[in-house]
Amino acid sequence: MGIQKVMVIGAGQMGSGIAQVCAQAGYDVKLNDMKQEFFERGLGVITKNLTRDVEKGRKTEDEKAAILDRISMSLDLQDASDVDIIIEAAVENMEVKQSIFKQIDQIAPAHAILATNTSSLPITEIAAVTNRPEQVIGMHFMNPVPVMKLVEIIRGLATSDEVYKAVEDMTVKLSKTPVEVNDFPGFISNRILLPMINEAIYALYEGVASKEAIDDVMKLGMNHPMGPLTLADFIGLDTCLSIMEILHEGLGDSKYRPCPLLRKYVAAGWLGKKSGRGFYVYE
Ligand code: NAI
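As the structure is a prediction and not an experimental result, all values here were calculated from the model. (Residues numbered from 1 in each chain as written. Predicted model: local features only at pLDDT ≥ 70, side-chain atom pairs only at ≥ 80, totals over all residues. Heavy atoms only, no water.)

*Asks:* Describe the site of the ligand, listing the residues and the values that go with them.
*Replies:* With respect to spatial proximity, 22 residues lie near the ligand, and among them M14, D33, E92, K97 and S119 are the closest. A distance of 3.0 Å is found between an oxygen atom of the ligand and a backbone nitrogen or oxygen belonging to Q13. Between the ligand and N143 there is a distance of 3.2 Å, counted from an oxygen atom to a side-chain nitrogen or oxygen. The fraction of the free accessible surface of the ligand (840 Å²) that becomes covered by protein chains is 78%. Sorting the residues of the shell around the ligand by element identifies α1 (13-24), α2 (36-55), α4 (94-107) and β6 (136-141) as the ones contributing at least two each. When grouped by side-chain class, the residues that make up the shell around the ligand number nine nonpolar, nine polar and four charged. (Near = heavy atom within 4 Å. Polar contact = N/O pair within 3.5 Å; in protein donor to acceptor, adjacent residues only side chain to side chain. Areas by Shrake-Rupley, 256 points an atom, 1.4 Å probe, with all protein chains shown as cover. Helix = DSSP H or I, 4+ residues; strand = E, 2+ residues; numbered from the N terminus. Nonpolar A, V, L, I, M, F, W, Y, C, P; charged D, E, K, R; others polar.)

Take a look at the structure:
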């Protein structure tokens, strides 16, 4: 199963990063979004990343130009008609993803793989709206994509071994490390990370220590690059809450109960860095 042409759906934070690493690895990439300005914003981020690489001597001007040359704009899902793989990185919403998958299933060639970068939605449920569930797979990149080495590859219930292998090979070609995971709520990354963050919020809620102290313990004592409360602010507290709810509902264990303080912050609109205030205040 030779993969040469890639379509990335969603030119946001993740989609632009995925398009960049695919183009860097030599793939032709169609970067799809709903409006030209969204594509241009994504391309702007890619251009900035590549310019920084040139300044730091990691790439030449020619390499930068060749990478940008391999990325083309798409504003229409019909452009999926000649690609080998589609990596969907639109918003984290089941209805939106199922609608996209239904459409691309009709448009993409029969051999094409349909992958999603979802961080928490069940792959099996997305695959179920297509006529090719054995060719649907999770390809969970980490943020920021050009920097982070891991790709969690999630097998849906029906995903074939052949498709898994093709995506694993592609991941290696992207200079990333693939890790195989089955389709359960939160996969591995968020199943372990989010309960840790939730526990840090409980520790704050119960008055065990100040927010700074909690972050310092994990940074200085466990060598984490960032404390859990700071990390929660970066991820977005609404996203943290929604993943905890998926774990709680999907696994049915009270150990995944979202901390009431997390709910309160989200209700207040204190969503972390993006809203200017979460556990910390951002200028
Ligand atoms: P974002 O909000 O930065 O980007 C989403 C993009 O998708 C936007 O440009 C939007 O215009 C576009 N879009 C929405 N609906 C579309 C449609 N029907 N067709 C084409 N484009 C559409 O979001 P972000 O952070 O890039 O997340 C994207 C996906 O990646 C989500 O599923 C998220 O859960 C997942 N993810 C996010 C991570 C993160 O740290 N932000 C990490 C790993 C996965």
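Picking up after the structure, the text goes on.
*Asks:* Lay out the UniProt feature "domain: 3-hydroxyacyl-CoA dehydrogenase NAD binding" (unreviewed entry) in the chain with the relevant residues and their values.
*Replies:* Mapped onto the present numbering, the UniProt feature "domain: 3-hydroxyacyl-CoA dehydrogenase NAD binding" (unreviewed entry) falls at residues 5-183. For the annotated span residues 5-183, helix accounts for 41% and strand for 22% of the residues, and the straight-line distance between the end C-alpha atoms is 26 Å. (UniProt positions renumbered as here; feature names shortened; annotations may be inferred.)

*Asks:* Go over the nonpolar core, please, and point to the residues and values.
*Replies:* Formed by 35 residues in total, the largest nonpolar core has its most connected members in V6, C22, I85, I87, M139, F141 and M170. Considering every element that reaches this core, the biggest residue donor is α1, with six residues. Residues contacting F141, with those up to four places away along its chain left out, are M14, I18, V21, I87, N117, L150, V151 and L174. Formed by 24 residues, the second largest nonpolar core is a distinct cluster that contains L204, L229, L237 and Y265. (Core = buried A, V, L, I, M, F, W, Y, C linked by side-chain atoms within 4.5 Å. Buried < 20%, exposed > 50% of the residue type's maximum accessible area, 1.4 Å probe, protein only. Contact = heavy atoms within 4.5 Å.)

*Asks:* Any details on the pairing of strand β2 (residues 28-32)? Residues and values, ideally.
*Replies:* Of all five residues making up β2, four are buried, and the element is well covered by its neighbours. Since strand β1 (residues 5-9) and β2 lie parallel, the crossover through α1 that links them has a hand, and here it is right-handed. Pairing analysis gives four bridges linking β2 to strand β3 (residues 71-74), with the strands arranged parallel. Note that in β3 the partner of L31 across the bridge is M73. (Right-handed = clockwise from strand over helix to strand, strands pointing away. Pairing = 2+ DSSP bridges.)

*Asks:* Account for the UniProt feature "domain: 3-hydroxyacyl-CoA dehydrogenase C-terminal" (unreviewed entry) in the chain, with residues named and values stated.
*Replies:* When the UniProt feature table is mapped onto this chain numbering, "domain: 3-hydroxyacyl-CoA dehydrogenase C-terminal" (unreviewed entry) sits at residues 186-282. With 63% helix and 0% strand, residues 186-282 has its two end C-alpha atoms placed 28 Å apart.

*Asks:* Outline helix α8 (residues 211-222), listing residues and values.
*Replies:* With twelve residues, α8 extends 16 Å between its outermost C-alpha atoms, agreeing within 8% with the 16 Å of an ideal straight helix rising 1.5 Å per residue. For α8, every residue scored as buried is listed here: I214, D215 and M218. Along the long axis of α8, the arc covered by the buried residues comes to 95°, so they all point the same way. What points out from α8, more than 90 degrees from its buried face, is the exposed set L220 and G221. Taken together, the buried residues of α8 touch α7 (189-205) and α9 (228-235). A positive phi of about 65° marks N223, the residue just after α8. (Expected span 1.5 Å × (residues − 1). Arc of directions from axis to C-beta.)

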